[in-house]
Amino acid sequence: MKKANFCYAVLAASAVLALGSAITSFAAAGWQALGDEWVYVQNNGEYVKDDWKQDEGKYYYFGSDGIMLRNTLLNDNENYYYLKSSGEMITNEWRFIQNPEWQGDDLVDEGSWYYFGSNGRAYVTKDNKAYIADIGGKKYAFDQYGRMITGWITENGEWIEEEENWSNGMYYADIEGGGSLVTNAWVYMTVPDDSNEDDTEPTYHFYFGSNGKKSISTDKTIADKKYHFDERGVAIYGWHQDEEDQSWKFYGDYDDPSLHTAWFQATPDAAMNQSGHDDGSTYWYYASSNGKIASGEFKTIDSKTYAFNLNGELITGLKIITTEEDDSKALAANPSSVDYIANVDEISDPNTHVFYFNSDGSLKTGTQTVTIDGSSYTFNFKSSGSPKGMGVTGPSDGYLYRNGRRLAAENGMKYGIVEYDDKEYVVNESGSLQKKKKNIKDADGYYYCTDKDGILIHQLSDKCEEKH
């Protein structure tokens, strides 16, 4: 580990000069030179040994032989101090120091950065909790020996040496950023992850708060965007299903793992739509402000009505939809397409209806012309009521409808009989009900008489002579 933007060198000549200038102020009564070394004689004539000595507001330390220590990282009851070339203890200062053998780990003989506070002690991790220090407006982490740590750091203040153990890290110190902890910022990092089925070396987003800790197992709003972080601190991306209510949310992709709300397009998760997932199909979805997508329901958005299948995919085109018996806005099953006009005519379930949606998914109402299997048909969809937009059934506005389809005589026949509710009605080729008609003749020469509702009174091969 190293601390950027600092440099350290001990030059023999400067050390001697510094020592000499310092000693000139030492009182002869206490300080004595022993060759190139210095001792401090107490009033009883004994040297100060294994202890500190304060002189003119500065602190010095003397070894077991009474010699003043210099250029030394001192371990004094697991408190660490640095004594510079003059022997003076440093305070409020960074130092790049070769790690001594007594530390006994893999970093021995390597250089590390240390910071010594106002009392001269190095900042160290103690009591199994990382020591995070604010220095010069930035945060730094130090291990149990006072060495500044870079890379991933555990909450206990341990440097994570093995790259595959990154998920155990709570803090991240960027060596390129001078070794300070990342705070209030994203880190976009490639890490090994055998649990990722798509990529064993994915690039993940991590976010570190003002205290330097990564966000874990939480939802967080950052710059007006919402994110979810898993138990490893990874900002999840793609689809996420809630374990409790089984609802789905979409967190974008690895470039932007933010929670998507309102309208968005995406490829479904395999659990939502296996075939659509496998072939990479994209569908429109709509999510509320909490990110949960609309699914299996009719929903009004900006004054327009839309419907979403059970997978949350926007429904378009002419569809047959079955709703819940007690909730006409809830879909009981995924819709089916209308491939043949018989699909419409065969509907008998009272909760199953035909609906027609624009290409943008908005629900169509009123009279619409629809092409089915190459033929054009006129449909009518309810503009009000519940469910809104369902195909009209029964007489309406002078026409007769079944599941939205307007019933009409065959082309070229002029008139024809259609059945509804166990009654026979007479309609023309455009579908108009023939009300209170007498002796209207079809192309085959048959005559029809109808009542005030268009219901057939009789069909005759000759004109009717009766009075109706």
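Calculation rules
- Residues numbered from 1 in each chain as written.
- Predicted model: local features only at pLDDT ≥ 70, side-chain atom pairs only at ≥ 80, totals over all residues.
- Heavy atoms only, no water.
- Helix = DSSP H or I, 4+ residues; strand = E, 2+ residues; numbered from the N terminus.
- Core = buried A, V, L, I, M, F, W, Y, C linked by side-chain atoms within 4.5 Å.
- Buried < 20%, exposed > 50% of the residue type's maximum accessible area, 1.4 Å probe, protein only.
- Contact = heavy atoms within 4.5 Å.
- Pairing = 2+ DSSP bridges.
- Axes fitted to C-alpha atoms, helices over the stretch in contact; angles between N-to-C directions.
- Phe/Tyr/Trp six-rings, centres within 6.5 Å; stacked < 30°, edge-to-face > 60°.
- Lys NZ or Arg CZ within 6 Å of the ring centre and 35° of its normal.
- Patch = residues over 30% accessible without salt bridge, like charges linked within 9 Å, V, L, I, M, F, W, Y side chains within 5 Å.
- Areas by Shrake-Rupley, 256 points an atom, 1.4 Å probe, with all protein chains shown as cover.
- Salt bridge = Lys/Arg side-chain N within 4 Å of Asp/Glu carboxyl O.

Caption draft 1: Summary view of unusual backbone geometry. Residue Pro-387 is reached from Ser-386 by a cis peptide bond, and omega for that bond is 0°. Within the fold, Pro-387 resides in the loop between β28 (375-381) and β29 (394-396). Not every positive phi belongs to a glycine, and Glu-56 is a case in point at roughly 55°. Counting through the fold element by element, Glu-56 comes out in the loop between β3 (51-55) and β4 (58-62).

Caption draft 2: Spotlight on the nonpolar core. Of all hydrophobic cores here, the largest spans 13 residues; its most connected members are Leu-318, Val-354, Ile-372 and Phe-379. For this core, the elements supplying multiple residues, two or more each, are β23 (317-324), α3 (341-345), β26 (352-357), β27 (366-372) and β28. With three residues, β28 is the single largest residue contributor to this core. Each residue touching Val-354, except ones within four places of it in the same chain, is listed here: Leu-318, Lys-319, Ile-320, Val-344, Ile-347, Phe-379, Phe-381, Gly-389, Met-390, Gly-391 and Asn-403. By size, the runner-up hydrophobic cluster in this structure holds twelve residues, among which are Trp-152, Ile-160, Tyr-204 and Phe-208.

Caption draft 3: Spotlight on the sheet that holds strand β34 (residues 438-441). Taken in spatial order, the three strands line up as β34-β35-β36 in an open sheet, and their pairing is antiparallel. With one partner strand each, in any of the chains shown, β34 and β36 (456-460) form the two edges of the open sheet. Pairs of neighbouring strands in the sheet enclose a mean axial angle of 30°, with direction left out of account. Where β34 meets strand β35 (residues 447-450), three bridges bridge the pair, whose relative direction is antiparallel. For Lys-441, the partnering residue across the bridge sits in β35 and is Tyr-447.

Caption draft 4: Representation of the packing of aromatic side chains in the model. Tallying each qualifying case throughout the model produces 43 aromatic pairs. Aromatic pair Phe-264 and Tyr-285: ring centres 5.6 Å apart, planes at 20°, arrangement stacked. You can see Phe-264 sitting in strand β19 (residues 262-266) and its partner Tyr-285 sitting in strand β20 (residues 283-287), a full 21 residues away along the chain. Of the two residues, Phe-264 and Tyr-285, neither departs from the other in class, the shared state being buried. In textbook terms, an aromatic cluster arises when at least three aromatic residues are bridged by ring pairs, as seen for Trp-94, Phe-96, Trp-113, Tyr-115, Tyr-123, Tyr-131, Tyr-140 and Phe-142. Between Arg-406 and the ring centre of Tyr-399, over which it is positioned, the NZ or CZ distance is 3.6 Å.

Caption draft 5: Here's a closer look at a nonpolar patch on the surface. On the surface, Tyr-188, Tyr-237 and Tyr-254 cluster together into a nonpolar patch covering about 310 Å² of accessible area. Taking the relative accessible area as the measure of exposure, Tyr-188 reaches 43% and is therefore partly exposed.

Caption draft 6: Quick look at the pattern of salt bridges. Here the structure, examined in full by the defined rule, presents 15 salt bridges. The salt bridge partner of Arg-232 is Asp-230, with a shortest N-O separation of 3.1 Å. As far as burial versus exposure is concerned, Arg-232 and Asp-230 are alike and both buried. For Arg-405, the salt bridge goes to Asp-345, with nearest N and O atoms at 2.9 Å. Linking Arg-405 in strand β31 (residues 405-406) with Asp-345 in helix α3, this pair joins segments that are 60 residues apart in sequence. The exposure class of Arg-405 is buried, given its relative accessible area of 17%. One continuous salt-bridge network, built from bridges that share partners, spans Lys-58, Lys-84 and Glu-88.

Caption draft 7: Region of the structure containing the environment of Asp-109. With respect to the element layout, Asp-109 can be found in the loop between β7 (93-98) and β8 (111-116). On a C-alpha basis, the gap between Asp-109 and Ile-97 in space is 9.2 Å, while along the polypeptide they are twelve residues apart. In this structure, Asp-109 is in contact with Gln-98 and Asn-99, ignoring residues within four places of it in sequence.

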